[in-house]
Amino acid sequence: MALRFYNTLSQQMEEFTPARDNTVRMYSCGPTVYDFAHIGNFRTFTFVDILRKWLRASGFQLNHVMNVTDVDDKIIRNAVAQHKGLNEYTAVYTKAFLDDCATLRLERPEKLVPATEHIDDMAAAIEKLTAANHTYTSDGSVYFRIASFPGYGKLSHNDFSGNIAGARVDVDEYEKADARDFALWKAPKEGEPFWPTSMGPGRPGWHIECSVMAIKYLDETLDIHLGGVDLIFPHHENEIAQSESLTGKPFSRFWLHAEFLMVEGQKMSKSLGNYFTLRDLLARGYAAEAIRYLLASAPYRKQLNFTFDGLKSAATAIDRLRNFKLRLETDRFPAGANLELAARTAGATQAFHAGMNEDLNTAEALAAIFEYIRDVNSAMDSGAFRAGDVPAALELLKLFDSVFDVLQPSGGSAGLPDAEVEALIAERTAAKKARDFARADRIRGQLLEQGIILEDTKSGIRWKRK
């Protein structure tokens, strides 16, 4: 089954292949490093990671660029309020974001590009837009004239023809229906940071950053541009206007947008007390892989209702997956192979592929895995599962985890090497044979303290990490 995505630009499902060779050239809007990223942000970043991993599983190479917005209105406002330089202020939150990504097992893109390292590139792009009559200057700031780009509105599918020509906006974020000429370059204000450039002193507006860095590293037409639905307008609409005015070519062939995250059915906000960073959830004792699983469990174009019951269910689902893998690896099965089960494994693999290929439908892909686990567990209980069926089952789990990446536990329990665990289990077995039950219980307790759980089964002792 061919890989298909819903393209925000065309509002249709379209078959996807890279424009040339086997490399997917994609750009995703990264963090604005003015605070710790919240779980709504990480819903989008997890979607990007799932996409990366599925593209690779589908045989493609990746050239993925993500920006770090380390200069914008909010950052400057907060840095000035705290009497800190821009670099000093943003370094803290940039590091925190990258640390949080590592905790959630989000791969780094091939290129991570801070906006402040590309100021001269932005100034050059603005000068090129000016030479082509797409801009005007007012009070020292340079604005993009949206009337100069007839295709404005084609991504958000809004009709902006009734806007007053020349109305402009200086802030980076504004209302959905309020399309105005937007700032490309902002004149310096007293006490704010600025950069000396060929255009004179000032700083870039938010929107020009992504256009310049995407074109610089990925060429004039991207395969995929990614972000949250909140960026469709004005940010991505403005990116298209700038980029296509610069190059005369389509900016991106595909536009993919992740829906909002709700918390317990409500919009996340600090005033409602339902605003959570990743660190807040980890401090409450939730495992990073459970958070990752929940963020990935709903298809990216559907709103995700993030609940604490959902986190508990995610942890339970991961336990099912891990227990199944443990059973495959440690149970003793009769020799031979079951052709019916081989067909069942092939069918589950095909269903997993079909779900992921249909616009990353993670819910369908997960359903295929858990239906398979239910059926195979039943076959194991009845004695129908054979030793020859193990490799294909493990291969399916490997495919699953190459995308969802939740089978390996995180945290301190991973610190005790497998060999040491096995040695302690052997020592406990010997103690039980010698009827030294006190010693056997002490070893079980010692392992439990390290997050290792023992299970006595008909096939022998199995163990797993919490």
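To be clear, the structure that these remarks concern was listed above.
The following paragraphs examine the structure supplied in this document.

Cut-offs used in this document
- Residues numbered from 1 in each chain as written.
- Predicted model: local features only at pLDDT ≥ 70, side-chain atom pairs only at ≥ 80, totals over all residues.
- Heavy atoms only, no water.
- Helix = DSSP H or I, 4+ residues; strand = E, 2+ residues; numbered from the N terminus.
- Buried < 20%, exposed > 50% of the residue type's maximum accessible area, 1.4 Å probe, protein only.
- Contact = heavy atoms within 4.5 Å.
- Areas by Shrake-Rupley, 256 points an atom, 1.4 Å probe, with all protein chains shown as cover.
- Lys, Arg positive; Asp, Glu negative; His and termini not counted.
- Charge placed at Lys NZ, Arg CZ, Asp CG, Glu CD.
- Phe/Tyr/Trp six-rings, centres within 6.5 Å; stacked < 30°, edge-to-face > 60°.
- Lys NZ or Arg CZ within 6 Å of the ring centre and 35° of its normal.
- Pairing = 2+ DSSP bridges.
- Axes fitted to C-alpha atoms, helices over the stretch in contact; angles between N-to-C directions.
- Core = buried A, V, L, I, M, F, W, Y, C linked by side-chain atoms within 4.5 Å.

When helices and strands are counted, the protein chain shows 14 helices and 18 strands. If you line up the protein chain on its principal axes, its C-alpha atoms span 90 × 50 × 40 Å. Within the protein chain, buried positions represent 52% of all 466 residues. Taking as baseline every contact in the protein chain between residues at least 6 positions apart, the subset at least 24 positions apart corresponds to 76%. When the accessible area of the protein chain is evaluated, it comes to approximately 20,800 Å², of which 51% is carbon and sulfur surface. Here the protein chain contributes 55 positively and 63 negatively charged side chains, and the mean placements of these two sets differ by 6 Å.

Another aspect to go through is the packing of aromatic side chains. Both the distance between ring centres and the angle between the ring planes are used here to describe each pair of aromatic rings. Inspection of the entire model under this criterion finds 22 aromatic pairs. Both rings, one in phenylalanine 16 and one in phenylalanine 254, keep their centres 5.2 Å apart while their planes meet at 80°; by these two values the pair is edge-to-face. Of this pair, phenylalanine 16 sits in the loop between strand 2 (12–15) and strand 3 (23–28) while phenylalanine 254 is found in strand 13 (residues 252–258), placing the two residues 238 residues apart along the sequence. Assigned by exposure class, phenylalanine 16 and phenylalanine 254 land together as buried. A cation over a ring is seen here: arginine 168 above tyrosine 143, with NZ or CZ 5.2 Å from the ring centre. Positioned over the ring face of tyrosine 217 is lysine 216, at 5.8 Å from the centre of the ring.

The next point concerns the sheet that holds strand 4 (residues 61–68). Read from one edge to the other, the open sheet built from five strands follows the order 5-4-3-12-13, with strand pairing classed as parallel. Only two strands of the sheet have a single neighbouring strand rather than two, namely strand 5 (111–114) and strand 13. Adjacent strand axes in the sheet meet at a mean angle of 20° when their direction is disregarded.

Its place among the elements puts proline 299 in the loop between helix 8 (288–297) and strand 16 (304–306). Expressed as a C-alpha distance, the spacing of proline 299 and alanine 363, which sit 64 residues apart in the sequence, is 6.2 Å. Dropping the residues within four chain positions of it, proline 299 is found in contact with Arg43, Leu360, Asn361, Thr362 and Ala363.

This part is about unusual backbone geometry. In most cases, non-glycine residues show a negative phi, while peptide bonds are predominantly trans. With an omega dihedral of 10°, the bond running from phenylalanine 233 to proline 234 counts as a cis peptide bond. Position of proline 234 relative to the elements: it lies in helix 6 (residues 232–247). A positive phi angle, close to 60°, is found at glutamine 11, a residue other than glycine. Along the chain, the position of glutamine 11 falls in the loop between strand 1 (4–7) and strand 2. Classification of glutamine 11 by relative accessible area gives partly exposed; the value is 45%. Despite not being glycine, aspartate 359 has its phi angle at roughly 60°, a positive value. Assignment of secondary structure puts aspartate 359 in the loop between helix 10 (339–357) and helix 11 (362–382).

This part covers the nonpolar core. Phe5, Phe42, Leu55, Ile224, Leu321 and Phe385 are the most contacted members of the largest nonpolar core, which totals 79 residues. If sequence neighbours within four positions are ignored, leucine 55 has contacts with Leu3, Phe5, Phe16, Val24, Met26, Phe60, Leu62 and Ile224. Counting 49 residues, the second-largest nonpolar core is a separate cluster that includes Leu129, Ala179, Phe182 and Ala214.

Read across the sheet, three strands follow the order 15-14-16 without closing on themselves; strand pairing throughout is mixed. The sheet is open, and its two edges are formed by strand 15 (266–267) and strand 16, each paired on a single side. For strand 14 (residues 261–263) and strand 16, the ladder comprises three bridges, and the chain directions are parallel. The residue bridging methionine 262 from the neighbouring strand is asparagine 305, located in strand 16. Of the strands in this sheet, strand 14 and strand 16 are in contact with helix 8, which crosses strand 16 at around 150°.

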